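# Tertiary structure, described
Residues per chain, in single letters:
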Amino acid sequence: MGDATVTTREGPEEAVPHSVAERAGPGLLRRLRTPRRPRLWFEILLIAMSYWTYSLIRNAVPEQRAEALRNADWLWRLEHSLGIAVEESVNHAVNGVTWLIVGMNYYYATLHFVVTIAVLVWLYRRHSGRYAATRLVLFATTGVALVGYYLYPLAPPRLMTNTGFIDTVLAHDTWGSMASGDLKNMSNQYAAMPSMHIGWSVWSGLTIFALARTPWVKVLGLLYPAATLVVIVATANHFWLDAVGGLVCLAFGYGVARLWYGALPYRLPRVVPARTRAVSPGAGARPAPVAAEEENQPVPARTSPGP
């Protein structure tokens, strides 16, 4: 018989009756590694519990102020030797434009969460077959970042002594950082390496760029992490090299997802393939597809009879 295809709202796609991960092994492991349609209640609970756990562990890391400041001084000297120590100049230049730095303070405090959650919702609704794998990238990235916070306490530039960095949240009396002002006792101030503002924003940007179909949306996906990099430096919350640490964690996250699912998240089927009902051997009938669980579930197209 000829090769089957499926038709979706967005056009014909090659039929993928089984996930690439199904070849990994038998039984329970194979089922766990097979993309499934996410359940809303479970995802909300999982994300809420994961963020609570992340915040709990991050803030439970001892605030080793002396070591964090020594590490910050060493990193600042390293950037000078590399010729990339321009954070202080950027901080002062942007701080001179009040409306811009105030906007960046609110950007730093809000979009980190808003955009990440929005991308997760979009994946859940439009790319259910890729949702679990892409979510795994985010979770693995965040998990390994916790190890970095524990092993390498680092003060952000705004807390360094004997430098001219400006804490823009305090300077402009804006609500912008859980580590400044009256909120400083609620968050570990010495967990700057790696930067999850960069890890999460690049994850969001790559996901949008890889899966969006509208060109201008793809461009926005690329601009978002670039803008985030400028913001974390201008507000004196991170060094350039903190951003590099965030990228290393993200690469680890993609590696975990690649090993678990057998492919990068964006190469998995867009939607979860329809299940089929079992039929008795020798019944002479094809298995009937189970009704699609979402409105954009692919429907098998008619095929030509084979030889």
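Our structure's up above, just so we're on the same page.
Quick notes on the rules
- Residues numbered from 1 in each chain as written.
- Predicted model: local features only at pLDDT ≥ 70, side-chain atom pairs only at ≥ 80, totals over all residues.
- Heavy atoms only, no water.
- Phe/Tyr/Trp six-rings, centres within 6.5 Å; stacked < 30°, edge-to-face > 60°.
- Helix = DSSP H or I, 4+ residues; strand = E, 2+ residues; numbered from the N terminus.
- Buried < 20%, exposed > 50% of the residue type's maximum accessible area, 1.4 Å probe, protein only.
- Lys NZ or Arg CZ within 6 Å of the ring centre and 35° of its normal.
- Salt bridge = Lys/Arg side-chain N within 4 Å of Asp/Glu carboxyl O.
- Expected span 1.5 Å × (residues − 1).
- Bend = angle between axes of the 7 residues up to and from the residue.

Another point: the packing of aromatic side chains. Taken as a whole, this structure holds six aromatic pairs when the rule is applied. Ring plane angle 40° and centroid distance 6.0 Å describe the contact between Trp76 and Phe239, whose orientation is recorded as tilted. Separated by 163 residues along the polypeptide, Trp76 in helix H3 (residues 65–82) and Phe239 in the loop between helix H9 (215–234) and helix H10 (240–261) bring together distant segments of the chain. Assessed through its relative accessible area of 0%, Phe239 is described here as buried. Seen from their ring centres, Tyr107 and Tyr224 are 6.4 Å apart, and the 35° between their planes marks the pair as tilted. You can see Tyr107 sitting in helix H5 (residues 98–126) and its partner Tyr224 sitting in helix H9, a full 117 residues away along the chain. The buried category is assigned to Tyr224, whose relative accessible area is 11%. Taken together, the aromatic side chains of Trp76, Phe165 and Phe239 make up a single cluster linked through ring pairs. Directly above the ring of Phe139 sits Arg135, whose terminal nitrogen or CZ lies 5.9 Å from the centroid. Above the plane of the ring of Phe209 lies Lys218, whose end atom (NZ or CZ) is 5.1 Å from the centre.

Time to look at the pattern of salt bridges. Throughout the structure, instances matching the rule amount to one salt bridge. Across the pair Arg158 and Asp167 runs a salt bridge whose closest N-O atoms are separated by 3.5 Å. Like Arg158, the residue Asp167 is buried in the burial classification.

Our next topic: the environment of Val248. Of note, Val248 is situated in helix H10. C-alpha of Val248 to C-alpha of Ala145: the two residues are 103 residues apart in sequence and 9.4 Å apart in space.

This part is about H5. The end-to-end C-alpha distance of H5, which contains 29 residues, comes to 39 Å, matching closely the 42 Å that a straight helix rising 1.5 Å per residue would cover. At Thr110, H5 is bent by approximately 45°, the largest bend along its length.

Our next topic: helix H8 (residues 196–211). Spanning 16 residues, H8 covers 22 Å between terminal C-alpha atoms, matching the ideal 22 Å at 1.5 Å per step. Taking burial as the measure, the 16 residues of H8 include 13 buried ones, the bulk of the element.

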